[in-house]
Amino acid sequence: MRSIITFLLFIGISFSAVAGISPSEKKALVKLYHATSGEQWTKSWDLSAPVETWHGVSIEGNHVVALNLAENNLSGKLPKQIGNLTHLKTLNLFRNKLSGEIPNSIGKLKELQIINLSFNQLTGKIPTSLGKLAQLTSIEFYMNRLNGEIPKEIGQLKNLTVLSLYNNELSGNIPMSIYNLSSLKSMLLNSNKLSGNLSMEIANMTSLETLGLFENNLEGQVPLDLEKLKKLKELNISYNKFSGLVSKQLAQLDMLNMTMINEHGLATTLKVDLNRNSAIASDE
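Because the structure is predicted, anything quoted here is derived from the model rather than measured.

Okay, the pairing of strand 2 (residues 63-68) next. Summarising the sheet, strand 1 (residues 57-60) and strand 2 pair through four bridges and their orientation is antiparallel. By the bridge assignment, Glu60 is partnered in strand 2 with His63. Inspection of the sheet shows strand 2 paired to strand 4 (residues 90-92) by three bridges, in the parallel sense. Among the inter-strand pairings, Asn68 is bridged to a residue of strand 4, identified as Asn92.

Here it is as structure tokens:
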């Protein structure tokens, strides 16, 4: 009899261990539901049903590891409690109607690898706490209304392969720390209000395949060091205020062939040095 009771107790303990996510994680999900008009979602949640049945919620080991509510008619502001989903690896809220600021508590998601908040109506600054998320491989915040400078803390994310912030209202210089992201494959910062020079340190971004900087206020010489990026396949730095000569190679690689905006606000094409295809040929 004693062995049977022990066995039943073991089964009971085992069942409780897999019975569901922690109260703090469930509370965070419920808070998200109410803060973003969950009743109006395209695919809503039945809060009386088990969490594992909720649309877009993935659970592993009794923890929420992914939240995919893309194109689901979320509106309102992201609650700070989203930072309590500390085991989250993927956060995808693409193409909704979210407004307000990205909560600083996002920096508590230490296991986060992918974050996509694109195609919303988010405002305010990109939180510097993103720099604490060492596992991040992809940041996509494009098509919002974010302003302020790109946080230099993003340069701490050594695993980052995608940085897509285009079509916002970001200003200031591109932080020097960004140029040290040697794993970055795609950097799309176009259609913002970025200013200053494009540093020759861009040559450090040896994995870069796609670079979009068009429609900003960048100025100075187009760094010839761009030619050192041997994996670069797509380049568009037009509609800035760059000046000086460029090589045939760079002019041909740029999608709009180095069309710039001059001091009179008119479109003009940078002069191409016809005497050489590459400006760095002598360095090789």
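With that out of the way, let us pick up the sheet that holds strand 12 (residues 186-188). Across the sheet, nine strands lie side by side as 1-2-4-6-8-10-12-14-16; this open sheet has mixed pairing. Single-partner strands in this sheet number two, and they are strand 1 and strand 16 (234-236). Averaged over all neighbouring strand pairs, the angle between strand axes comes to 15°, with direction disregarded.

This brings us to the side chain of Ser164. Its place among the elements puts Ser164 in strand 10 (residues 162-164). Classification of Ser164 as buried rests on a relative accessible area of 3%. Sequence-distant contacts of Ser164, defined by excluding residues within four places in its chain, comprise Ile139, Glu140, Phe141, Tyr142 and Leu188.

A separate point is the nonpolar core. What tends to happen in soluble globular proteins is that the nonpolar side chains get buried as a cluster. Judged by nonpolar contacts, the single largest core of 71 residues is most densely connected at Leu29, Leu67, Leu91, Ile139, Phe141 and Leu163. The set of elements that each furnish at least two residues to this core consists of helix 2 (23-35), strand 2 and helix 3 (248-253).

Here we take up the layout of surface pockets. In this structure, the largest pocket spans a volume of roughly 220 Å³. In terms of residue class, the lining of the largest pocket is made up of seven nonpolar, four polar and four charged. Quantified by volume, the second largest pocket comes out at close to 150 Å³. Surrounding the second largest pocket, 13 residues form its lining, Phe242, Ser243, Asn262, Thr268 and Leu270 being those nearest its centre. The set of elements that each furnish at least two residues to the lining of the second largest pocket consists of strand 17 (241-243), strand 19 (259-261) and strand 20 (267-269). Split by residue class, the lining of the second largest pocket holds five nonpolar, five polar and three charged.

Once that is clear, we can look at a positive patch on the surface. A contiguous patch of positive charge on the surface is contributed by Lys27, Lys31, Lys80 and Lys108. Looking at the secondary structure, you find Lys27 in helix 2. Judged by its relative accessible area of 63%, Lys27 falls in the exposed class.

So, how was this worked out
Residues numbered from 1 in each chain as written. Predicted model: local features only at pLDDT ≥ 70, side-chain atom pairs only at ≥ 80, totals over all residues. Heavy atoms only, no water. Pairing = 2+ DSSP bridges. Helix = DSSP H or I, 4+ residues; strand = E, 2+ residues; numbered from the N terminus. Axes fitted to C-alpha atoms, helices over the stretch in contact; angles between N-to-C directions. Buried < 20%, exposed > 50% of the residue type's maximum accessible area, 1.4 Å probe, protein only. Contact = heavy atoms within 4.5 Å. Core = buried A, V, L, I, M, F, W, Y, C linked by side-chain atoms within 4.5 Å. 1 Å grid on protein atoms, 1.4 Å probe; cavity = no way out; pocket = protein on both sides within 12 Å on 5 of 7 lines; lining within 4 Å. Points joined across faces, edges and corners; volume = space filled by probe spheres on them. Nonpolar A, V, L, I, M, F, W, Y, C, P; charged D, E, K, R; others polar. Patch = residues over 30% accessible without salt bridge, like charges linked within 9 Å, V, L, I, M, F, W, Y side chains within 5 Å. Areas by Shrake-Rupley, 256 points an atom, 1.4 Å probe, with all protein chains shown as cover. Salt bridge = Lys/Arg side-chain N within 4 Å of Asp/Glu carboxyl O. Lys, Arg positive; Asp, Glu negative; His and termini not counted. Charge placed at Lys NZ, Arg CZ, Asp CG, Glu CD.

Function-wise, these values are silent; they only describe arrangement.
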